[in-house]
Protein chains: 2
Amino acid sequence: MQATIDFYFDFSSSYSYVALPRLARLADDHSCQVDWKPIALGVIFKAMNHAPPAADSTKGRYVWRDVERSAALAGLSFKWPQPFPFNSMTAARVFWYIAEGDMDRAIDWARAVFHASFGEGRDCSDPDVLTGVATDLGLDGQELLEATRNDAVKEKLKHVTGEAMKRGVFGAPTFFVGDEMFWGSDRIEQLERHIRND
Amino acid sequence: MQATIDFYFDFSSSYSYVALPRLARLADDHSCQVDWKPIALGVIFKAMNHAPPAADSTKGRYVWRDVERSAALAGLSFKWPQPFPFNSMTAARVFWYIAEGDMDRAIDWARAVFHASFGEGRDCSDPDVLTGVATDLGLDGQELLEATRNDAVKEKLKHVTGEAMKRGVFGAPTFFVGDEMFWGSDRIEQLERHIRND
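Residues numbered from 1 in each chain as written. Chains lettered and ligands numbered in written order. Predicted model: local features only at pLDDT ≥ 70, side-chain atom pairs only at ≥ 80, totals over all residues. Heavy atoms only, no water.

**Re the packing of aromatic side chains**
- As enumerated under the stated definition, the model contains 48 aromatic pairs over all chains in all.
- An angle of 40° between the planes, with centres 5.3 Å apart, marks the rings of B:F11 and B:F114 as tilted. Here the residue B:F11 occupies a position in the loop between β1 (4-9) and α1 (14-29), and B:F114 occupies one in helix α5 (residues 103-119), the gap between them amounting to 103 residues. There is no split in this pair, since B:F11 and B:F114 are both buried.
- For A:K156, the ring lying beneath its charged end belongs to A:W96, and the centroid distance is 4.9 Å. (Phe/Tyr/Trp six-rings, centres within 6.5 Å; stacked < 30°, edge-to-face > 60°. Helix = DSSP H or I, 4+ residues; strand = E, 2+ residues; numbered from the N terminus. Buried < 20%, exposed > 50% of the residue type's maximum accessible area, 1.4 Å probe, protein only. Lys NZ or Arg CZ within 6 Å of the ring centre and 35° of its normal.)

**Brief notes about the packing of helix α1 (residues 14-29) of chain A against helix α5 (residues 103-119) of chain A**
Residue and element names in this part refer to chain A.
- It is at 10 Å that the axes of α1 and α5 come closest, and there the two elements cross at 125°. Regarding the angle of α1 to α5, the classification is oblique. The chirality of how α1 crosses α5 is left-handed. Between α1 and α5, the contacting residues are S14, S16, Y17, L20 and A24 on the first element and R111, F114, H115, F118 and G119 on the second.
- Per-class residue counts for the contact of α1 with α5 are five nonpolar, four polar and one charged. (Axes fitted to C-alpha atoms, helices over the stretch in contact; angles between N-to-C directions. Parallel < 35°, antiparallel > 145°, perpendicular 65-115°, else oblique. Left-handed = near helix turned anticlockwise from the far one by under 90°. Contact = heavy atoms within 4.5 Å. Nonpolar A, V, L, I, M, F, W, Y, C, P; charged D, E, K, R; others polar.)

**Examining the pattern of salt bridges**
- Tallied over the entire structure, the rule returns 20 salt bridges over all chains.
- Of the charged contacts in the structure, one is a salt bridge between A:R187 and A:D186, with a shortest N-O distance of 3.4 Å.
- Residue class for A:R187 comes out buried when judged on its relative accessible area of 6%.
- One salt bridge in this structure joins B:E192 and B:R22, with 3.5 Å as the shortest N-O distance. One end of the pair, B:E192, is in helix α9 (residues 188-196); the other, B:R22, is in helix α1, with 170 residues separating them in the sequence.
- Take B:R22: its relative accessible area is 31%, and that puts it in the partly exposed class.
- Through salt bridges that share partners, A:D66, A:D186, A:R187, B:D66, B:D186 and B:R187 make up one connected network. (Salt bridge = Lys/Arg side-chain N within 4 Å of Asp/Glu carboxyl O.)

So yeah, pure geometry; function would need other evidence.
If you want it as C-alpha cells, here you go:
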C-alpha cells in the first residue's frame, strides 16, 4: 500500500528547508504521498513555554553552523534570511488559501517561499517579497495577501497547528506515517526504513 | 595527516552509546585516533540551567522512542537502564583512573559500561554492578572503586568537564576535529565528510 507522509513544517524553520531534497527523493523512490502541512510553530513553542536557542548562545552558534553544514550536505544553496527567525504567518496562510483550490500549486508556493528565504536570504515576512514570489509563479500576489485576512484562512492555519500539537509535534520538520512520528531533517533515513518496513 | 577526534560523552547518555558502532567504523575507515573523554554532563546542564526533557513529557516520549529506533538502526541491542538517567560519576572516575596507566584498558572499560547500561539495562551507578563489569574485564573492582575517592581522579573528571564546557559542549556525544564541533550520534556522517575534506 502506498504510504502517506504528513509533513508538518514552519516556513521559518531552516531544518524544514534542509529536509526538502531528501523528502522528495524518498517520496519518489517509494511512491509516497506527502501531505504538506505548514503550521505556526511559534504557537506550539509558546504553549510549551519553549524558546529556540538564541543566536548568540553556545547552542545557538552551534545550531546555526549545523544548519549551514546540513544544507550543504543536502546540496542546497543557503543564505540566512534577514531577519531570522521571521514571522511566517502570512506565507503559511497564503499556502492554505491556495491549497483550498489546488494543492499542487500550494506546494509550488511552499517550495518557492523556502527557496526565497533560505536559498536567497530574502525576508518572507515582507508582503512585497511575497508578492514577488507569487508573480514569479504566475499567481496574483495582491489577491493572495488579501486572502490572508479571511477568517476561514486564519482558522485553517490555527486548526492544523492545533492538530499538530495534539499529535505531539514540538518542532519542525515533523513527519508522521500513521501514528509513527519522526522529528528532524536528520530522521528521514529512519522514516524511510519505517516505510520499507525494515 | 591522521585526524584526531575528541569524543566527549557521558556514561548516562543513551545517544553516546548509539554513536559507538558508527564512530568505530569511521575511525577504522580513516585511521583516525579517537580520544575518549567522559565528562559529567550534568554539571554542564546545571551551569546552562538546562534539563533534559522529562520522560513523561511530549518531547521526552518522542526522544525515548527515537533512542530505541536509533539503537536498532546502529545494530545495537538496547534496554533502558533502571533507573534512567543514572549517576555516571563513578563510572567516569574509574575511566580516568584506568586511563592514567593504560588508555586502551580505559576504553575497554567504557565499552563494557555502555554495554552493561544500555545493552543490558543494568544500573551502572551501583558499585556492585561496576565491580562485576570490572571482574569480567579482569580488573580489580575494589581497587577501581577505591580510586574514585582520590582527589586527583575527581579533579581529572572536573578538569575535562570544564574543558568541554569551554569548547562549547552542551550535550553528548560531542565530537571535535580541531575546533570543528559536531553534536549528536546523528552527526557522524558530517564529521566523516569533514575528515575526508568534502
